[in-house]
Amino acid sequence: MNTRHFPVAIIGGGLGGLTAARVLHVHGIESAIFDLEASAAARTQGGMLDIHEENGQKALHAAGLHDDFLKLVHEGGQAMRLLGPDGTVHMSQEDDGTGGRPEVDRGDLRDLLLNSLPADTIHWGRKVTGARPLGDGRHEVTFTDGSVITTDLLIGADGAWSRVRPLVSDAKPVYTGVSFVETDLFEAETRHPRSTAVVGGGFFIALGHERGFLAHRETDGSLHVYTALKADEDWLDTIDFTDHAAAKAAVLARFEGWDESLRGLVSDAETITPRHVHALPVGHRWDRVPGVTLLGDAAHLMSPFAGEGANLAMFDGAELALAVAAHPGDSEAALAAYEKALFPRSEASAAESAANLDMMFGKRGLEQMVEFFATGPAAQ
């Protein structure tokens, strides 16, 4: 196949890559996104996101989409409950509409960004096999379908296992010591009233004994649950997740003695999926490499316990696009300015995430979280 040239190539069509393309478009700069999914509808984008005033919402302002974003907000989604293993409620906070972290469905937010781009921006079904420098800041990217592109500016927005990252860094994600088992309970109001009652209308945490449950009430009426616990890296691999009954039993064996309303978040679920939680080293950075940079998880993969992953990815995308727009014809100046701000902000969030993981899944996780919410900012 003939090699095509794209002045700006973004690898990865997640929230960060889409935001970068949108903000570039707002400033009259064309870009092309290459995503491994077969189409926009290839898989569900489930899960709620809290979009923060100081980064995610700033990115949406830069993209000219903040007003449309507000129409997607899940009313009541900023409510919060914290329980212990016996089902005791230790903290309950209602959503009074004044918080700075409104909740939206990830899929709705992704659709908003997708629909804001010219139709030919995204090239679907393009899984990267490799990328190499050509000199003078130009790069070549090859794909599994045999196609090849070249680009003047290569942006790695391709997540935890980025194929672009090796161009700038030898760092690889490592297991954090915490594993997730993800479950869904559909039509929760009618089919799972006990679980609906215990989770409440917003975000829910139950902690104790170095493990716990984290859940959201979804806009489609389902409950999305992460069962989290400290475990050896290979523990999930010992479970047959194609056998739902056996998988549930294996997970619930780690929650003996917990209140049945909490155990029901696994035992009553319609889906069950394993997830290892990985992270890049706190403070991950690289020397300036001409013509290429990273954003989002490709740059600073961290555990989800600071709630910053999607927010930082979008903010990275917006800040990178704004830097490119502010330095026309000088991508090196743009990338240097972007990375100068990127490294300290991502290090701060990664350190917070790692500290929160240690706190939540430590010996006194529940007590420390109660103290955190009692003394921390009201916006938490």
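See the structure shown above.
Everything numeric here is computed off the predicted structure, so don't read it as measured data.

1. Looking at the nonpolar core
Okay, so step 1: Among the nonpolar cores identified, the biggest contains 57 residues, and F34, L109 and L154 are the most heavily contacted of them.
Okay, so step 2: In terms of residue count, the dominant contributor to this core is helix α10 (residues 309-326) (seven residues).
Okay, so step 3: Residues in contact with F34, not counting those within four places in the same chain, are F6, A9, I10, I11, G12, H123, R126, F143 and I149.

2. Details of the sheet that holds strand β5 (residues 89-93)
Okay, so step 1: If you trace the seven strands from one edge of the open sheet to the other, you get β5-β4-β12-β13-β14-β11-β15, paired in mixed fashion. With one partner strand each, in any of the chains shown, β5 and β15 (271-279) form the two edges of the open sheet. Sheet twist, expressed as the mean angle between neighbouring strand axes with direction ignored, is 15 degrees.
Okay, so step 2: Seen against the sheet, helix α7 (residues 244-252) touches β11 (174-185), β14 (223-230) and β15 and runs at an angle of roughly 50 degrees to β15.

3. Focus on empty space enclosed by the protein
Okay, so step 1: Summed over all chains, the structure comprises one cavity of 30 Å³ or more.
Okay, so step 2: Counted as a void, the largest cavity has a volume near 40 Å³.
Okay, so step 3: As for the largest cavity, its lining consists of L280, P281, G283, H284, A299, H300, L301, S346, E347 and A350.
Okay, so step 4: Elements represented by at least two residues in the lining of the largest cavity include exactly α9 (297-300) and α11 (331-360).
Okay, so step 5: The leading source of residues in the lining of the largest cavity is α11, at three residues.

4. Digging into unusual backbone geometry
Okay, so step 1: Although it is not a glycine, E187 sits at a positive phi angle of roughly 45 degrees.
Okay, so step 2: Tracing the sequence through the fold places E187 in the loop between β11 and α5 (188-191).
Okay, so step 3: For E187, a relative accessible area of 48% translates into the label partly exposed.
Okay, so step 4: Although it is not a glycine, E210 adopts a positive phi angle of roughly 65 degrees.
Okay, so step 5: Note on placement: E210 falls in the loop between β12 (203-208) and β13 (211-217).

5. Some thoughts on the environment of D268
Okay, so step 1: Looking at where D268 falls in the secondary structure, it is placed in the loop between α8 (260-267) and β15.
Okay, so step 2: Once the C-alpha coordinates of D268 and L36 are considered, the two residues, 232 residues apart in sequence, prove to be 33 Å apart.
Okay, so step 3: Within the structure, D268 has its side chain in polar contact with the side chain of R194 (distance 3.3 Å).

6. Thoughts on the layout of surface pockets
Okay, so step 1: The volume enclosed by the second largest pocket comes to roughly 290 Å³.
Okay, so step 2: In terms of lining residues, the second largest pocket is bounded by 16 residues, among which E30, S31, A32, D120 and T121 are the most central.
Okay, so step 3: For the lining of the second largest pocket, the elements supplying multiple residues, two or more each, are β1 (4-11) and α1 (15-26).
Okay, so step 4: Top contributing element to the lining of the second largest pocket by residue count: β1, with four residues.
Okay, so step 5: Grouping the constituent residues of the lining of the second largest pocket by class yields eight nonpolar, five polar and three charged.

7. What to know about helix α12 (residues 365-375)
Residues lying three or four places apart along an α-helix face the same way, a consequence of the helix completing one turn every 3.6 residues.
Okay, so step 1: For α12, the set of buried residues is G365, L366, M369 and F373. Angular distribution of buried residues about the axis of α12 spans 95 degrees; they occupy a single face of the element. Of the residues in α12, the exposed ones pointing more than 90 degrees away from the buried face are A374 and T375.
Okay, so step 2: Close packing links the buried residues of α12 with β4 (80-83), β5, β12 and α11.

8. Description of the pattern of salt bridges
Okay, so step 1: Enumeration according to the criterion identifies 16 salt bridges in this entry.
Okay, so step 2: Its salt-bridge partner being D268, residue R194 comes within 3.3 Å of it at the nearest N-O pair. In this pair, R194 is assigned in helix α6 (residues 193-199) and D268 in the loop between α8 and β15, connecting sequence segments 74 residues apart.
Okay, so step 3: R194 gets classed as partly exposed once you look at its relative accessible area, which sits at 40%.
Okay, so step 4: Its salt-bridge partner being E210, residue K230 comes within 3.6 Å of it at the nearest N-O pair. Of this pair, K230 sits in strand β14 while E210 sits in the loop between β12 and β13, and the two are 20 residues apart along the sequence.
Okay, so step 5: For K230, a relative accessible area of 36% corresponds to the partly exposed category.
Okay, so step 6: Several salt bridges share partner residues, and in doing so they unite E210, K230 and K363 into one network.

9. Here we look at the packing of α1 against helix α4 (residues 106-114)
Okay, so step 1: Between α1 and α4, the least distance of the axes is 9 Å, while the angle of their chain directions is 25 degrees. By the angle between their axes, α1 is roughly parallel relative to α4. Our pair here, α1 against α4, has a crossing hand that is left-handed. Contacts between α1 and α4 involve L15, L18 and T19 from the former and R106, L109, R110, L113 and L114 from the latter.
Okay, so step 2: Grouping the amino acids of the contact of α1 with α4 by side-chain chemistry returns five nonpolar, one polar and two charged.

Reading guide: rules and limits
- Residues numbered from 1 in each chain as written.
- Predicted model: local features only at pLDDT ≥ 70, side-chain atom pairs only at ≥ 80, totals over all residues.
- Heavy atoms only, no water.
- Core = buried A, V, L, I, M, F, W, Y, C linked by side-chain atoms within 4.5 Å.
- Buried < 20%, exposed > 50% of the residue type's maximum accessible area, 1.4 Å probe, protein only.
- Helix = DSSP H or I, 4+ residues; strand = E, 2+ residues; numbered from the N terminus.
- Contact = heavy atoms within 4.5 Å.
- Pairing = 2+ DSSP bridges.
- Axes fitted to C-alpha atoms, helices over the stretch in contact; angles between N-to-C directions.
- 1 Å grid on protein atoms, 1.4 Å probe; cavity = no way out; pocket = protein on both sides within 12 Å on 5 of 7 lines; lining within 4 Å.
- Points joined across faces, edges and corners; volume = space filled by probe spheres on them.
- Polar contact = N/O pair within 3.5 Å; in protein donor to acceptor, adjacent residues only side chain to side chain.
- Nonpolar A, V, L, I, M, F, W, Y, C, P; charged D, E, K, R; others polar.
- Arc of directions from axis to C-beta.
- Salt bridge = Lys/Arg side-chain N within 4 Å of Asp/Glu carboxyl O.
- Parallel < 35°, antiparallel > 145°, perpendicular 65-115°, else oblique.
- Left-handed = near helix turned anticlockwise from the far one by under 90°.

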